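Letter by letter, the chains look like this.
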Number of protein chains: 2
Amino acid sequence: MSNCIKDIEHLSVFDLLTEEEIIFLDKHKTTVSYKKNETILKQGTFASTILFGKSGYFKLHIEGKKKGIILAVKKSNAFLGLSSLYYVNKTYLYSVTALEDCEVDVYDKSIFLEVMHNNVSFSNEIIKYINHNSARIFNRFLCVAEKNARGRVADMLICFSRNIFERLEFTLVMTRQELSDFVGLSMENTVRILKEFEDDQIIKISGKKVEIIDMDVLQKIRDFG
Amino acid sequence: MSNCIKDIEHLSVFDLLTEEEIIFLDKHKTTVSYKKNETILKQGTFASTILFGKSGYFKLHIEGKKKGIILAVKKSNAFLGLSSLYYVNKTYLYSVTALEDCEVDVYDKSIFLEVMHNNVSFSNEIIKYINHNSARIFNRFLCVAEKNARGRVADMLICFSRNIFERLEFTLVMTRQELSDFVGLSMENTVRILKEFEDDQIIKISGKKVEIIDMDVLQKIRDFG
DNA sequence: CCTAAAAGTTGAATTTTATCAATTTTTGTA
DNA sequence: TACAAAAATTGATAAAATTCAACTTTTAGG
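Residues numbered from 1 in each chain as written. Chains lettered and ligands numbered in written order. Predicted model: local features only at pLDDT ≥ 70, side-chain atom pairs only at ≥ 80, totals over all residues. Heavy atoms only, no water.

*Asks:* What is the right way to read the protein's contact with DNA strand C from this model?
*Replies:* The immediate surroundings of DNA strand C are formed by 17 residues, with A:Arg176, A:Lys195, A:Lys208, B:Ala149 and B:Asn189 found nearest. Backbone atoms, meaning sugar and phosphate, make up 62% of the atoms of DNA strand C lying within 4 Å of the protein. B:Arg192 has a polar side-chain atom sitting 3.0 Å from a base oxygen of DNA strand C. Residue contributions to the surface near DNA strand C peak at five residues, all from helix α6 (residues 187-199) of chain A. In terms of residue class, the surface near DNA strand C is made up of four nonpolar, six polar and seven charged. (Near = heavy atom within 4 Å. Polar contact = N/O pair within 3.5 Å; in protein donor to acceptor, adjacent residues only side chain to side chain. Helix = DSSP H or I, 4+ residues; strand = E, 2+ residues; numbered from the N terminus. Nonpolar A, V, L, I, M, F, W, Y, C, P; charged D, E, K, R; others polar.)

Rendered as structure tokens:
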């Protein structure tokens, strides 16, 4: 029972499209490369495009006055910023930033909506993605609200291992500051807790390389923290 | 510039329906009364209905292992639990509980989906509500993550005043514990901060009755806290 | 390869928040 | 109205988390 819900596989949605629809979409599609740390979508700006991350990792985040919060981390083959499709004031709800060099397919929003309009099963699937994304974020909200610092950091590590990298050994794509923005803690506190986990031989961590040694204990810290 | 987004007016969406559609929906509708503190929707249960709150106030909340978090407070004439319409595992994402005696229209989900299917503008409007609800919750997430205790309590009071009760004087529909679950603080801390605000003549509070005396200062506490 | 800037680390001090315990007030119901 | 249960309040204490400052390591770019 984890607070960290796995993302849906987005790629298969294109199977619901006809040849013609794919051609129509592709005609109005461009593929853009972004460098690490480049802003792909900026919260509050007018939303005229729909993005699909082809390669790389992405963070969905809201920039506050004092701090920011990372709502979600997405890997390749996922839509980015879908919820702006139907958002009332037609702006992006959150920013999307490249966590490493990446490629993104950029669809024209009106064309995308047209295809959705004519293909109900495609449309339903897209809306499912939007809701699933929200569900993930609601659960992260709960996690930050109810868990202490160690619990949050443990939850984050488990989440990355299971849902992003799908391995016990992985290389973080985020800085310590970004990890802190993900869990809602100060950077120093995050660093210290990671070190505690290492001292207790629960993880190995060196720079951006992480290995989870004792998943059982990490889960207990998550559950009781 | 507030973290607290006002809810959309939901009632007008029914204007988008034809006479026939309204009759069709109504035929499969029942109206149910709930008492204060009754659970209307339970998170995790199978979602077979769509609810529309006709009167009263409602809390949308996730129940965690240790604490819970109130995602949103809704007043009358709003849909409740819409996001389960398209959620992958067909369960409710969050619980909905009556904050006072209320009446709720209960629609059959499959009938509701059928109407949505046949009426695109209705469908689009419903999806907008879902996204708007998410947007509100994302911003509350940011608020809880970036603000200190006083800032969160100030934000909550402003939010209630502006978006729920639309007056500077209002009667809370939540207990101190529920206020605490809304802002992610311990109850004692919430109580103490409310008392501080009263001592500083920023608000008057007596039991559930609140009056905001100095909105300017309250906003400053929100912005700098 | 060198260097400046950025990122990461650590300890100490301080602030913030939660917890605990005792008490008062309010509420719901017989 | 009376009474028990629930909710709210308050103060004292403990725990948790942040901040500040100094320092080290890593990274990016010439």
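*Asks:* How should the relation of the copies chain B and chain A be read in this particular structure?
*Replies:* There are two copies of the chain, and a rotation about an axis plus a shift along that axis relates them. Of the two same-sequence chains, chain B is brought onto chain A (RMSD 0.0 Å, axial shift 0.0 Å) by a rotation of 180°. Both copies are brought into coincidence by an operation consistent with a two-fold rotation axis. Taking the C-alpha atom as reference, chain B places B:Phe141 closest to the rotation axis, 2.9 Å from it. Interface overlap between copies: 100% of the residues of chain B at the interface are likewise at the interface in chain A, consistent with a symmetric, same-surface contact. (Least-squares fit on C-alpha atoms with pLDDT ≥ 70 in both. Contact = heavy atoms within 4.5 Å.)

*Asks:* Just to check I follow, could you spell out the pattern of salt bridges for this structure?
*Replies:* Residue and element names in this part refer to chain B. All told, the structure shown has 30 salt bridges over all chains when counted by the stated rule. Here Asp7 and Arg136 are joined by a salt bridge, their closest N and O atoms 3.3 Å apart. You can see Asp7 sitting in the segment before α1 (19-27) and its partner Arg136 sitting in helix α3 (residues 120-146), a full 129 residues away along the chain. A relative accessible area of 7% places Arg136 in the buried class. For Arg167, the salt bridge identified is with Glu169, shortest N-O distance 3.9 Å. Owing to a relative accessible area of 52%, Arg167 belongs among the exposed residues under this scheme. Classification of Glu169 by relative accessible area gives partly exposed; the value is 44%. (Salt bridge = Lys/Arg side-chain N within 4 Å of Asp/Glu carboxyl O. Buried < 20%, exposed > 50% of the residue type's maximum accessible area, 1.4 Å probe, protein only.)

*Asks:* Mind showing me how you'd approach the nonpolar core here?
*Replies:* Soluble globular proteins tend to bury their nonpolar side chains together. One finds A:Ile40 and B:Ile40 to be the most contacted residues of the largest nonpolar core, which totals 57 residues. Those residues in contact with A:Ile40 that lie beyond four places of it in its chain are A:Tyr34, A:Leu51, A:Phe58, A:Val96, A:Thr97, A:Ala98, A:Cys102 and A:Val104. Among the nonpolar cores identified, the runner-up in size contains 42 residues, and A:Val13, A:Phe14, B:Val13 and B:Phe79 belong to it. (Core = buried A, V, L, I, M, F, W, Y, C linked by side-chain atoms within 4.5 Å.)

*Asks:* Would you take a moment to explain the side chain of B:Ser134 for this structure?
*Replies:* Here B:Ser134 lies in helix α3. Overall, B:Ser134 belongs to the buried group, its relative accessible area being 2%. Aside from chain neighbours lying at most four places away, what touches B:Ser134 is A:Ser134 and A:Phe138.

*Asks:* Is there a simple way to think about the sheet that holds strand β7 (residues 95-98) of chain B in this case?
*Replies:* Strand pairs in the sheet, formed through backbone hydrogen bonds, run parallel or antiparallel to each other. Residues and elements named next belong to chain B. Spatial ordering of the open sheet is given by β2-β7-β4-β5, a layout of four strands whose pairing is antiparallel. Two strands in the sheet have a free side with no partner beyond their single neighbour: β2 (39-41) and β5 (68-74). Pairwise comparison of adjacent strand axes, ignoring direction, gives a mean angle of 35° for this sheet. Against the sheet, α3 makes contact with β4 (58-63) and β5, and its axis sits at roughly 135° relative to β5, the strand it touches most. Contacting β4 and β5, helix α5 (residues 176-183) crosses the sheet at an angle of about 95° to β5. (Pairing = 2+ DSSP bridges. Axes fitted to C-alpha atoms, helices over the stretch in contact; angles between N-to-C directions.)

*Asks:* Would you mind showing me how to read the protein's contact with DNA strand D here?
*Replies:* Residues in contact with DNA strand D amount to 17 residues; listed here are only the nearest, A:Ala149, A:Asn189, B:Arg176, B:Lys195 and B:Lys208. Of everything in DNA strand D that lies within 4 Å of the protein, sugar and phosphate atoms constitute 62%. Within the side chain of B:Lys208, one N or O atom sits 2.9 Å away from a phosphate oxygen of DNA strand D. If you list the elements that add at least two residues to the surface near DNA strand D, you get α6 of chain A together with α5 and α6 (187-199) of chain B. When residues of the surface near DNA strand D are assigned to their parent elements, the largest contribution, five residues, is made by α6(B). Partitioned by chemical class, the residues of the surface near DNA strand D number four nonpolar, six polar and seven charged.

*Asks:* What's the story with the domain arrangement of chain A in this structure? I'm lost.
*Replies:* Often, the extent of an interface is quoted as the loss of accessible area on bringing the components together. Residue and element names in this part refer to chain A. According to the domain assignment, chain A consists of domain 1 (11-143) and domain 2 (147-224). Inter-centroid distance (C-alpha atoms) of domain 1 to domain 2 is 27 Å. Contact residues are listed per partner, giving twelve residues for domain 1 and 13 residues for domain 2. Taken together, the two surfaces of domain 1 and domain 2 that pack against each other cover about 1,300 Å², and 59% of this comes from carbon and sulfur. Ranking the residues of domain 1 by area buried against domain 2 places Val73, Lys75 and Cys143 at the top, with a combined share of 37%. At the surface where domain 1 touches domain 2, the tally comes to two salt bridges. Here Glu166 ties to Lys75 by a salt bridge, and the two come within 2.5 Å at their closest N and O atoms. (Domains from an automatic or database assignment. Buried area = accessible area lost by both parts, 1.4 Å probe.)

*Asks:* What's the story with the state of the cysteines in this structure? I'm lost.
*Replies:* Defined simply, a disulfide is a covalent bond joining two cysteines at their sulfur atoms. Residues and elements named next belong to chain A. A full pass over the atoms with the stated rule returns two disulfides over all chains. With its sulfur 2.1 Å from that of its partner, Cys4 forms a disulfide with Cys159. You can see Cys4 sitting in the segment before α1 (19-27) and its partner Cys159 sitting in helix α4 (residues 149-165), a full 155 residues away along the chain. Among the residues examined, Cys4 registers a relative accessible area of 14% and is labelled buried. Cys102 takes part in no disulfide bond, and the closest cysteine sulfur to it belongs to Cys159, at a distance of 20 Å. (Disulfide = S-S within 2.5 Å.)

*Asks:* What's the story with the environment of A:Ile193 in this structure? I'm lost.
*Replies:* Residue and element names in this part refer to chain A. For Ile193, the position within the fold is in helix α6. Here Ile193 falls in the buried class, since its relative accessible area comes to 2%. Aside from chain neighbours lying at most four places away, what touches Ile193 is Ala149, Arg150, Val153 and Leu185.

*Asks:* Sorry, what's going on with the interface of chain B and chain A here?
*Replies:* Between chain B and chain A, the contact holds 40 residues from the first and 40 residues from the second. Of the roughly 3,800 Å² buried at the junction of chain B and chain A (both faces included), carbon and sulfur atoms supply 71%. For chain B, the biggest contributors to the area lost against chain A are B:Tyr86, B:Phe138 and B:Phe141; these three give 21% of the whole. Between chain B and chain A we count two salt bridges in total. B:Asp223 is the partner of A:Lys65 in a salt bridge, and the nearest nitrogen-oxygen pair spans 3.1 Å. Applying the counting criterion to the chain B and chain A interface returns eleven residue pairs in polar contact (both at pLDDT 80 or more). When contributions to the side of chain B that touches chain A are tallied by element, the ones reaching two or more residues are β4, β5, α3 and α7 (215-224) of chain B.

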